[in-house]
Amino acid sequence: MFGIIAGRSFSLAGMEAAETQVMETPFGAPSDHVTIGRLGGRKVAFLPRHGPEGIPPHRINHRANVYALKKLEVTEVIGVNSVGSLREELPPGRLVIPHDYLSPWGILTFYEHQVVHVTPSLDAALRGLLIRGAQGAGVAFSQEGVYIQTIGPRLETKAEIAMLKNFGHVVGMTMAHEATLCQEAGLAYASICSVDNYCHGIIDTPLTEKEIAHKARENAGAVHKVLLRVMEEMA
Ligand code: HPA
């Protein structure tokens, strides 16, 4: 079964034939109950990472979220992640399917007490499915990009962005944790990122949280179209 972990502006809670599962894990409770239903004829498990009340990014229990999906026998996880753009040629409204990521501020692990080193990568087959889905859906997207994870909840300073733009394409606060934990748990993971703003200082217009939320809601329709295509292809 596919799992989908998404941000605040994207929901599949209204899927046909949906049922909810309240999960517990050795790491505590996940962000919310998991909704299991059908999308494009395919069974999917949906988990909103910010929960019903809006858990801030630095407090999300990513380990519980990934563990809960694994326990439900999910084998592939698609992250829907909101990002800011580090490049003028990558405007808000674009979707990005990253091919790699970096996180200079640390990444969560399931291996706190064991020497286990996974070699991180985003799942090539799942990325291929997302790329075909985006092509089929006819949305504006980039089929690669490096995702840089910051901690949040604050946005980055202009100086931070001026440095980060030398190393990647988009910035967000969640994907590196999810990708790494999924890999440690033996789950395939890839992400479809919605570019909801230019990062601080990339353009002259001041950056506000309100504008990011507004653009994220606008982009949710394109993400939905892509996921529908992916699930129809897999059904
Ligand atoms: N920075 C970090 N995370 C984000 C941004 C950003 O500009 N936009 C959406 N998520």
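Criteria and cut-off values
- Within each chain, residues carry numbers counting from 1 in the order of the written sequence.
- Local features in this predicted model are restricted to residues of pLDDT 70 or higher, and side-chain atom pairs are both shown and tallied only at a pLDDT of 80 or more, whereas totals for entire chains, interfaces and linings draw on every residue.
- Excluded from the side-chain calculations are hydrogens and water; all other atoms, namely the structure's heavy atoms, are used.
- If a single non-hydrogen atom of a residue is within 4 Å of a molecule or strand, that residue counts as near it.
- Polar contacts, as counted here, are pairs of nitrogen or oxygen atoms within 3.5 Å of one another; within protein the pair requires one atom able to donate a hydrogen and one able to accept it, and residues that are adjacent in sequence qualify only if both atoms are side-chain atoms.
- The method behind every accessible area is Shrake-Rupley, applied with a 1.4 Å probe, and residues are considered shielded solely by the protein chains displayed.
- Strands are runs of DSSP state E lasting at least two residues, helices are runs of H or I lasting at least four, and both sets are numbered from the N terminus onward.
- Polarity classes work like this: nonpolar for Ala, Val, Leu, Ile, Met, Phe, Trp, Tyr, Cys and Pro, charged for Asp, Glu, Lys and Arg, and polar for all others, with Gly in that last group.
- By nonpolar core is meant a set of buried Ala, Val, Leu, Ile, Met, Phe, Trp, Tyr and Cys residues that side-chain atoms within 4.5 Å join together.
- For every residue, the accessible area (1.4 Å probe, protein chains only) is compared with the maximum for its type, and the residue is labelled buried under 20%, exposed over 50%, or partly exposed between those bounds.
- Whether two residues are in contact is decided by their heavy atoms: any pair within 4.5 Å suffices.
- DSSP-based pairing: two strands are paired if at least 2 bridges between them are found.
- Between 30 and 60 degrees the pair is tilted, below 30 it is stacked and above 60 it is edge-to-face, where a pair is any two Phe, Tyr or Trp rings, Trp via its six-membered ring, whose centres lie within 6.5 Å.
- Our working definition of a disulfide is a cysteine sulfur pair at a distance within 2.5 Å.

## Looking at the site of the ligand
The full set of residues close to the ligand is Ser82, Val83, Gly84, Leu155, Glu156, Val171, Gly172, Met173, Asn197 and Cys199. Contact between the ligand and Ser82: a nitrogen atom at 3.4 Å from a main-chain N or O atom of the residue. Asn197 is positioned such that a nitrogen or oxygen atom in its side chain is 2.7 Å from a nitrogen atom of the ligand. Within the complex, the protein chains bury 94% of what would otherwise be the 260 Å² of accessible surface of the ligand. Elements with a contribution of two residues or more to the shell around the ligand: strand S5 (76-85) and strand S10 (170-172). Broken down by element, the residue count for the shell around the ligand peaks at 3 residues, all from S5. Residues of the shell around the ligand, tallied by class, amount to 5 nonpolar, 4 polar and 1 charged.

## Digging into the nonpolar core
Formed by 31 residues in total, the largest nonpolar core has its most connected members in Val34, Leu69 and Val77. When contributions to this core are tallied by element, the ones reaching two or more residues are strand S3 (34-39), strand S4 (42-48), helix H1 (62-71), S5, helix H4 (175-184) and strand S11 (188-198). Broken down by element, the residue count for this core peaks at 5 residues, all from H4. Here Val34 is in contact with Glu19, Thr20, Gln21, Met23, Ala45, Phe46, Leu47, Leu69 and Leu72, once residues within four sequence places are set aside. Among the nonpolar cores identified, the runner-up in size contains 30 residues, and Ile78, Ile97, Phe141 and Ala188 belong to it.

## Re the environment of Ala213
Among the structural elements, Ala213 can be located in helix H5 (residues 209-234). Each C-alpha atom of the pair Ala213 and Asp196 lies 7.5 Å from the other, and the pair is 17 residues apart in sequence.

## Description of the pairing of strand S1 (residues 2-6)
The buried count for S1 comes to 5 of 5 residues, which makes it a mostly enclosed element. Where burial is concerned, the two faces of S1 agree: the one with Phe2, Ile4 and Ala6 and the one with Gly3 and Ile5 are both buried. As paired strands, S1 and S4 are joined by 5 bridges and run parallel to one another. Its bridge partner lying in S4, Phe2 is registered against Val44. As judged from the 5 bridges shared by S1 and S5, these two strands associate in the parallel manner. Each bridged residue has a counterpart across the sheet, and for Gly3 the counterpart in S5 is Val77.

## Some remarks on the packing of aromatic side chains
Geometrically, a pair of aromatic rings is defined through the distance of the ring centres and the angle of the planes. For the structure on display, the rule yields 3 aromatic pairs. Note on Phe27 and Phe110: the rings are 5.3 Å apart at their centroids and 55° apart in plane angle, and the pair reads as tilted. Taken together, the residues Phe27 in the loop between strand S2 (16-21) and S3 and Phe110 in the loop between strand S7 (100-102) and helix H2 (124-137) connect sequence positions 83 residues apart. Accessibility expressed as a relative area gives 30% for Phe27, which makes it partly exposed. A residue is classified by how much of its surface remains accessible, and Phe110, at 19% relative accessible area, is buried.

## Digging into the state of the cysteines
One way to say it: the disulfide is the covalent bond shared by the sulfur atoms of two cysteines. Enumeration according to the criterion identifies 0 disulfides in this entry. With no disulfide partner, Cys193 has as its closest neighbouring cysteine sulfur the one in Cys199, 12 Å distant. Classification of Cys193 by relative accessible area gives buried; the value is 0%. Accessibility expressed as a relative area gives 3% for Cys199, which makes it buried.

Structural measurements only, silent on function.
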